[in-house]
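So the chains spell out like this:
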Amino acid sequence: MSIKEENIYFIGIGGIGMSALARYFNQIGKNVFGYDRSITDLSRRLQAEGISVNYILEADAIPFTCREKENTMVIYTPAIASSNPILNYFQEEGFVCHKRAQVLGLLSKDLKTIAVAGTHGKTTVSSMIAFILHDAGIKINAFLGGISHDFRTNLLLYEEAEFMVTEADEYDRSFLQLFPEIAVVTSIDADHLDIYEEAEELTKTYRTFCQQISSEGVLYTKVQHLEALNLPPSLNVKLYGENGRDIEVKNLEVANGNFLFDLKCGDTLLDKVQCGLPGLHNVENASVAIGLAIDLGVEPELAKNAIAKFRGVKRRFDVHLKRSDFVYIDDYAHHPQEIKALLSSVKQLYPDKKITAVFQPHLYSRTRDFGADFAKELALADEVILLELYPAREEPIEGIDSRWLAKQIDKKNVYVLQKAQLMKHLEGIDVELLLTIGAGDIDTLIEPIINHYEL
């Protein structure tokens, strides 16, 4: 669908989803501008690509070009506060302001959309699908929720694209802007209770999303989600994961730190599939990506070879250092179930190594709502270091912080540190396997950690 405005202004341009849209409009020749609150590697890359990024939170900093109401589209992330003076200027002046998801919905109208939803796993699964299809020579547009190691970007764009691959984000009910031909629902765990208030409301919204799948479309999901989704009988549903009826993993084994498995997709049987990513949860992710690609006509062996080459997404089980004496893995996990999957996989791959987990809690509300679950899953590590809580869009909640969470973890080796204290602390302890975990700004510690432990 063509966008008539020549100027596109993003409020919160440095977000991973917003930056993919900014790149899209920049690549099709629009004049792209935006605001973000801090300078990051991602915002620097956008500037290097010719996008104008401003870091001053004042309406006066909006370029004059973007004050032309008839020729400017304003796009904002729902994480932006309603009091934001830049957003307020555009609204008060009568500009049409779109949420990111609305624009994504507009762009999907002319393409067959493959939408990946789920509380966990959607970035990895959508990136796997995009990689397999791209490797098979199928032209796609892809809006990814992370920077792909393979593509080195979060956007793929082809003029002749037939398919669009995108994440379907449940936050702020964003995915209800999508009406896909093909959808994946990886998981439905309670989250974003600041938006939904209770888990049942989240489940109802997933149900609505699935009802928006094309009448001739396909849903890929797991057995345990069928009852909650209450799907219409007419919808073609394919099951994967444990007890998967249509996509089935068999003969799982660990070899050289990787999982190997046989995969049955309908009448097709692939043996010794190697997932390019470590982690038990990634076996399920790879299985549905392969099964979906085969259903779209990709040769099975080609799909198998592609997933073995797949190098993953930044901050998703990202192995930075791997030696016999030391392993360092970084992961975006910010929900108890994600931490459980991460630590379970690490223990399975490295059963003899002591695990030191550094976790930065993300959001006051999430920490409060899932405090006991966070404590239970973090206790799987041998040593836990909690960094100060990252508030993101939220105001403080009295009594909720990293010290509150630390008291709930049933271990002796639990520390609470400021970010600036971490490196000194690590220098004073023996570390065999180090994990950095969280969705805030803990990623700024990756480079100092690598520099310290690199031989």
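Bear in mind the structure is a predicted one, so any value in this text is a computation, not a measurement.

Cut-off values and rules
Residues numbered from 1 in each chain as written. Predicted model: local features only at pLDDT ≥ 70, side-chain atom pairs only at ≥ 80, totals over all residues. Heavy atoms only, no water. pLDDT = per-residue confidence, 0-100. Helix = DSSP H or I, 4+ residues; strand = E, 2+ residues; numbered from the N terminus. Patch = residues over 30% accessible without salt bridge, like charges linked within 9 Å, V, L, I, M, F, W, Y side chains within 5 Å. Areas by Shrake-Rupley, 256 points an atom, 1.4 Å probe, with all protein chains shown as cover. Salt bridge = Lys/Arg side-chain N within 4 Å of Asp/Glu carboxyl O. 1 Å grid on protein atoms, 1.4 Å probe; cavity = no way out; pocket = protein on both sides within 12 Å on 5 of 7 lines; lining within 4 Å. Points joined across faces, edges and corners; volume = space filled by probe spheres on them. Nonpolar A, V, L, I, M, F, W, Y, C, P; charged D, E, K, R; others polar. Pairing = 2+ DSSP bridges. Axes fitted to C-alpha atoms, helices over the stretch in contact; angles between N-to-C directions. Contact = heavy atoms within 4.5 Å. Buried < 20%, exposed > 50% of the residue type's maximum accessible area, 1.4 Å probe, protein only. Parallel < 35°, antiparallel > 145°, perpendicular 65-115°, else oblique. Left-handed = near helix turned anticlockwise from the far one by under 90°.

Asks: Would you mind going over the confidence of the model for the protein with me for this structure?
Replies: Atom-level detail of predicted coordinates should not be read off regions where pLDDT is low. The predicted model of the protein has a mean per-residue pLDDT of 91, with 98% of residues at 70 or higher. No element of the protein has a lower mean pLDDT than helix α6 (residues 193–196), which averages 57, and none a higher one than strand β21 (residues 433–437), which averages 98.

Asks: Looking at this structure, how should I read a nonpolar patch on the surface?
Replies: A grouping of V249, L252 and L280 is seen on the molecular surface, where their side chains present a nonpolar patch of about 200 Å² in accessible area. Relative to the elements of secondary structure, L252 occurs in strand β13 (residues 247–255).

Asks: I would appreciate a short explanation of the layout of surface pockets in the present structure.
Replies: Looking at the second largest pocket, its volume works out to about 220 Å³. Classifying every residue of the lining of the second largest pocket by side-chain character gives 10 nonpolar, 1 polar and 2 charged.

Asks: So what exactly am I meant to see when it comes to the sheet that holds strand β16 (residues 318–322) here?
Replies: On the basis of which strands lie adjacent, the open sheet formed by 6 strands has the order β16-β17-β21-β18-β19-β20 and mixed pairing. Whereas interior strands pair on both sides, the edge strands pair on one side only; in this sheet they are β16 and β20 (414–417). In this sheet, adjacent strand axes meet at a mean angle of 15 degrees when their direction is disregarded. Both strand β19 (residues 383–387) and β20 contribute to a ladder of 4 bridges, which runs parallel. Of the residues in β20, the one forming a bridge with L386 is V416. Relative to the sheet, helix α11 (residues 336–349) contacts β17 (327–331), β18 (355–359) and β21, its axis offset from that of β21 by approximately 165 degrees.

Asks: I'm lost on the pattern of salt bridges in this one. Help?
Replies: Opposite charge on two side chains allows them to pair when their charged atoms are near. The final tally for this structure, using the stated rule, is 20 salt bridges. Among the salt bridges present, the one from E5 reaches K4, with a minimum N-O distance of 3.4 Å. Here K4 falls in the exposed class, since its relative accessible area comes to 59%. The salt bridge involving R315 is made with D330; its shortest N-O contact spans 2.6 Å. Note that R315 is positioned in the loop between α10 (300–309) and β16 and D330 in strand β17, a separation of 15 residues in sequence. Residue D330 is classed as buried on the basis of its relative accessible area of 0%.

Asks: Looking at this structure, I do not really get the packing of helix α5 (residues 122–135) against helix α9 (residues 280–295). What am I missing?
Replies: When two helices pack together, their arrangement is given by the angle between the helix axes and the distance between those axes. Between α5 and α9, whose axes approach to 9 Å, the crossing angle comes to 40 degrees. If you check the angle between α5 and α9, you find them oblique. α9 is crossed by α5, and the crossing has right-handed handedness. Between α5, through T124, V125, M128, I129, I132 and L133, and α9, the contact on the second element is made entirely by N282, N285, A286, V288, A289, I290, L292 and A293. Among the residues forming the contact of α5 with α9, the class breakdown is 11 nonpolar, 3 polar and no charged.

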